[in-house]
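Notes for the structure review
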Amino acid sequence: MTHGYATGRLDLPFTGICTFARKPYEPDWSRLDADAAILGAPFDAGTQWRAGARFGPRGVREASTLFSFGHSGAYDHEDDVTYLGPDVQIVDMGDADIIHTDTTQSHANIEAGVRAALGAAALPVVIGGDHSVNIPIIRAFDDQGDIHILQIDAHLDFVDERHGVRHGHGNPMRRAAERPFISGLTQVGIRNVSSTAKEGYDDARAMGADILSVRQCRAIGPRATAARIPPGARVYITLDIDAFCPSIAPGTGTPSHGGFLYYEVLELLQEVARHHEVVGFDLVEVAPAYDPAGVTSILAAQILMNALGFIFHARAAGG
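Residues numbered from 1 in each chain as written. Predicted model: local features only at pLDDT ≥ 70, side-chain atom pairs only at ≥ 80, totals over all residues. Heavy atoms only, no water.

So, the overall build of the chain
For clarity, the threshold we go by: A run of DSSP states H or I qualifies as a helix once it reaches four residues; a run of E qualifies as a strand once it reaches two. Both are numbered from the N-terminal end. To get the radius of gyration, use the C-alpha atoms; to get the globule rule, take the number of residues to the power 0.38 and multiply by 2.2 Å. With residues, only the protein chains shown are counted as cover, and all accessible areas are computed by Shrake-Rupley using a 1.4 Å probe. Within this scheme the basic residues Lys and Arg register as positive and the acidic residues Asp and Glu register as negative, but His and the chain ends are omitted. For this purpose, a charge sits on NZ of Lys, CZ of Arg, CG of Asp or CD of Glu.
Per the secondary structure count, the chain includes eight helices and 10 strands. The C-alpha atoms of the chain give 18 Å as radius of gyration, which agrees with the globular expectation for 319 residues (20 Å, within 12%). Expressed along its principal axes, the backbone C-alpha trace of the chain runs to roughly 60 × 45 × 40 Å. As displayed, the chain offers around 14,000 Å² of accessible surface, 53% of which is attributable to carbon and sulfur atoms. With 25 positive and 39 negative side-chain charges, the chain shows a spacing of 3 Å between the two charge centroids.

Details of the sheet that holds strand 5 (residues 123-128)
Put simply, the rule is: One bridge is not enough; two strands pair if DSSP finds at least two bridges between them. Between N-to-C directions, angles cover 0 to 180 degrees, with each direction set by a line fitted to C-alpha atoms, over the stretch in contact for helices. We call two residues in contact when some of their heavy atoms are within 4.5 Å.
Strand order across the open sheet formed by eight strands is 4-1-5-10-9-6-7-8, with parallel pairing between neighbours. The open sheet has two free edges, formed respectively by strand 4 (90-95) and strand 8 (209-212), since each of these has just one partner strand. Each adjacent strand pair in this sheet contributes to an overall mean axis angle of 15°, direction not counted. Here strand 1 (residues 36-41) runs beside strand 4; their pairing, made up of four bridges, is parallel. Opposite Ile38, over in strand 4, you have Asp92 as the bridge partner. Taken strand by strand, helix 5 (residues 198-206) contacts strand 7 (182-188) and strand 8, and its axis lies near 125° from that of strand 8.

A short note on the pairing of strand 1
This is how the line gets drawn: Summary of the burial criterion: residues with accessible area below 20% of their type's maximum are buried, those above 50% are exposed, and those between are partly exposed, where the area comes from a 1.4 Å probe applied to protein chains only.
Of all six residues that make up strand 1, six are buried, and the element is covered over most of its length. A two-sided burial pattern is seen for strand 1, the buried positions comprising Ala36, Ile38 and Gly40 on one face and Ala37, Leu39 and Ala41 on the other. Here strand 1 pairs with strand 5 via six bridges, running parallel. Residue pairing for strand 5: Ala36 is matched across the bridge by Leu123.

Concerning the pattern of salt bridges
Our working definition: Salt bridge, as used here: a side-chain nitrogen of Lys or Arg that lies within 4 Å of a carboxyl oxygen of Asp or Glu.
Going through the model one piece at a time under the given rule, you end up with 19 salt bridges. The partner of Asp92 in a salt bridge is Arg61, with the nearest N and O atoms 2.7 Å apart. Of the two residues, Asp92 sits in strand 4 while Arg61 sits in helix 1 (residues 56-64), which places them 31 residues apart along the sequence. No difference in accessibility class separates Asp92 from Arg61, as the two residues are buried. Asp160 serves as the salt-bridge partner of Arg174, at 3.8 Å between the closest nitrogen and oxygen.

Side note on the nonpolar core
Let me state the cut-off plainly: Remark: nonpolar core denotes a set of buried residues (Ala, Val, Leu, Ile, Met, Phe, Trp, Tyr, Cys) joined through side-chain atoms within 4.5 Å.
If you look at the biggest cluster of nonpolar residues, it comprises 53 residues, and the most contacted ones within it are Ile152 and Leu308. Look past the residues within four positions of Ile152 in its chain and what remains in contact with it is Val188, Ile237, Thr238, Leu239, Asp240, Ala243, Phe260, Val265, Leu268 and Leu269. With 39 residues, the next largest nonpolar core counts Leu39, Leu118, Leu185 and Tyr236 among its residues.

A look at the environment of Asn306
Mapping Asn306 onto the fold places it in helix 8 (residues 295-316). What makes Asn306 buried here is its relative accessible area of 19%. Setting aside chain neighbours within four positions, we find Asn306 in contact with Tyr262 and Leu266.

Notes on the packing of aromatic side chains
Threshold: Stacked, edge-to-face and tilted labels apply to pairs of Phe, Tyr and Trp rings (six-membered ring for Trp) whose centres lie within 6.5 Å, assigned for plane angles under 30 degrees, over 60, and everything in between, in that order.
Enumeration over the complete set of coordinates arrives at three aromatic pairs. Taking the centre distance of 5.4 Å and the plane angle of 75° together, the rings of Phe141 and Tyr236 count as edge-to-face. Residue Phe141 is found in the loop between helix 3 (134-139) and strand 6 (147-152), and its partner Tyr236 is found in strand 9 (residues 235-240); the two are separated by 95 residues along the sequence. You'll find Phe141 and Tyr236 in the same group, each marked buried. Residues Tyr262 and Tyr263 carry aromatic rings whose centres are separated by 5.0 Å and whose planes lie at 65° to one another, so their mutual orientation is edge-to-face.

Following this line, the structure appears as structure tokens:
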């Protein structure tokens, strides 16, 4: 197998421009031609406490260059699989335009980016930003058929309205559940004191949500957790970085102790990719300023790379 580093420029990860995993940049969204399209959504005006997730896309892109060595894909000796080989085309769309203080227009611009990816038959992969960016992302799927949402998160995010706010980072799963094309939600990692009150949990279950804490997921394991998703469901995955324990992901605005560790989420994503069509993915709430060592951004980039590998390997295998 020929590797890119064997010929031409060395082009090490710490050189050059930081697109996601050093993939090609395509700023003209009318010309997208790829299997997956990365979109940054650097919006954090929906936060209720510490801001800073607007720098998440930039931080995750920079961290992702760690995985951009010139290999012909990424070989995993445990799975005996080479993931993300030259047959998988990934492009970086850049960022949606964010209008400061204007949630409505900023969200509309994010929605336009996701619609462009879907229109090009590319898997949309969005890097946030706070979790409110999931609201316009899900809106963009209104002509894509029924989908089920897998939410991996510390918080339920099922607040209906608080002080008139309906599109903040505590609202996205409530807004999603209201959509007629959302067939249900599987919400895992939910724990500790939540921003959603008891009536929100009651509403979530009444609207088709299956809610599991980290301890409940650990008790049954990733395979049984993934099996909670209805068979045959087409799945959209939204991953809040605070789903992880802050001991490995401190760089977020609302850390919550007792979260998942790396392999717990990795194995869950692999099981979901094996058994379901994954139609989209977002990873949100990385706030690099709270993590001087940068391990949160590296974790986010690594999870995204692995998830993409699982998704496209399963597609190639007919899964």
